[in-house]
Amino acid sequence: MPSVRYVGIPADLAATVRATIRSAQYPHPVHAEVAAGYGPCRECLGTFRTGEEERLLFTYQPFPEGQLPAPGPVFIHRESCSRYESAAFPERLRAVPLVVEGFDAAGSPVRREAVGGGRPEAVVERVMSAQGVAFGHLRNAEAGCFIARIERA
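Now for a quick tour of the structure. (Residues numbered from 1 in each chain as written. Predicted model: local features only at pLDDT ≥ 70, side-chain atom pairs only at ≥ 80, totals over all residues. Heavy atoms only, no water.)

1. Overview of helix H2 (residues 120-129)
- Along H2, the residues classified as buried are Pro120, Glu121, Val123, Val124, Val127 and Met128. The arc enclosing the buried residues of H2, seen along the axis, measures out at 160°, which places them on a common side.
- Residues of H2 that are buried sit in contact with strand E1 (4-7), strand E6 (98-103), strand E7 (109-114), strand E8 (135-140) and strand E9 (146-152). (Buried < 20%, exposed > 50% of the residue type's maximum accessible area, 1.4 Å probe, protein only. Helix = DSSP H or I, 4+ residues; strand = E, 2+ residues; numbered from the N terminus. Arc of directions from axis to C-beta. Contact = heavy atoms within 4.5 Å.)

So, in structure tokens, the structure goes:
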């Protein structure tokens, strides 16, 4: 398997959202609420404690400038948390329905596969091993929204 690492959204972007209560990439306000679902947080990649933790909902564009525009809704913890950056699959995402997407260096889709009930690492390995895949995304299989980036280590 190609060596990969999983990363949450940039910490400075999340800090800007928390400080301004505005999307850092778009001129949209942020919605704050007590978690009504699992989330997950796109910075620490942990699921929310429903009914306990406050979360912020905002518009996020997961692709760099000049690549596929695909903005969508994401959540982060209202309180500061630590950005997830690790070669280990995020344990708290194992219970989340996931899709793994692979993209070429220009951001064009190359391969997409649902995790289903299997090991997410096996799906990540297949997608990231596909010819032409430069990076990947984890997405929510129910809502379709971005969760995390998969980079080559």
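2. Here's the deal with the pairing of E8
- Burial analysis of E8 places six of its six residues in the buried class, the great majority of the element.
- Where E6 lies against E8, six bridges are found, and the strand directions are antiparallel. Pairing of Phe103 across the sheet is with Phe135, part of E8.
- Between E8 and E9, which pair antiparallel and follow one another directly, the connecting turn spans five residues, one of which, Gly144, has a positive phi of 85°. (Pairing = 2+ DSSP bridges.)

3. A short note on the sheet that holds strand E3 (residues 54-60)
- Spatial strand order, E2-E3-E4: three strands in an open sheet with antiparallel pairing. Edge positions in the sheet fall to strand E2 (31-34) and strand E4 (72-77), since each has one partner strand and no second. Adjacent strand axes in the sheet meet at a mean angle of 30° when their direction is disregarded.
- Across the face of the sheet, helix H1 (residues 11-20) comes into contact with E3 and E4 while running at roughly 115° to E3. (Axes fitted to C-alpha atoms, helices over the stretch in contact; angles between N-to-C directions.)

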